[in-house]
Amino acid sequence: MVRSALAPDYDVLEEIGRGGMAVVYRARERELGREVAVKVLAPALTMDPAFVERFQREARTAAQLEHPNIAPIYRVGRAGQVIYFVMKLLRGQWLAGVLEERGRMTAAEVRRVLIETASAIGYAAKRGVVHRDIKPEDDL
């Protein structure tokens, strides 16, 4: 359903993440030929106006933030029953994956992750935005 709904604008290539509210896909934007991440609201939630508003508010809020450690939002949309937003595709590794693969990180790596994460959280907080969902499954 997602592939066909987004087909006029995006080639959906693969699922790259899943959470309680949404699924994230790697896709190719047809018009510009770039790869993007498309976050799609879970189908079961599209009938609940509160979840739809929360999802769209997340995109609108994130779109107001410009920081090197925050993925930019390119577009918010609806195609039939598919409610989505499009953002920059990050090519890093998930912290959870690094820890699973290596078991631990060096002190310098931990320091870098903490500084970059704190910088992004601090930037957002100064603009009245609280993330509430920082987790090891997020990109480094």
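Reading the values: rules and limits
Residues numbered from 1 in each chain as written. Predicted model: local features only at pLDDT ≥ 70, side-chain atom pairs only at ≥ 80, totals over all residues. Heavy atoms only, no water. Buried < 20%, exposed > 50% of the residue type's maximum accessible area, 1.4 Å probe, protein only. Helix = DSSP H or I, 4+ residues; strand = E, 2+ residues; numbered from the N terminus. Pairing = 2+ DSSP bridges. Expected span 1.5 Å × (residues − 1). Arc of directions from axis to C-beta.

**Some details on the pairing of strand β5 (residues 82-88)**
Phase 1: A large share of β5 lies buried, amounting to 6 of its 7 residues.
Phase 2: Here 5 bridges tie strand β3 (residues 35-41) to β5, and the two strands are oriented antiparallel to one another. The residue of β5 that forms the bridge with A37 is M87.
Phase 3: Sheet topology places strand β4 (residues 73-79) next to β5; 6 bridges connect them, and they run antiparallel. Looking at the pairing, V76 lines up with F85 of β5.

**So, helix α4 (residues 107-126)**
Phase 1: With 20 residues, α4 should reach 28 Å at 1.5 Å per residue; the first-to-last C-alpha distance of 28 Å fits that figure.
Phase 2: Burial in α4 covers these residues: V113, A120, Y123 and A124. Down the axis of α4, the buried side of the element spans an arc of 110 degrees, and every buried residue falls inside it. Of the exposed residues in α4, the ones pointing more than 90 degrees away from its buried face are A107, A108, R111, L114 and K126.
Phase 3: One or two positions beyond α4, positive phi appears at G128, with a value near 80 degrees.

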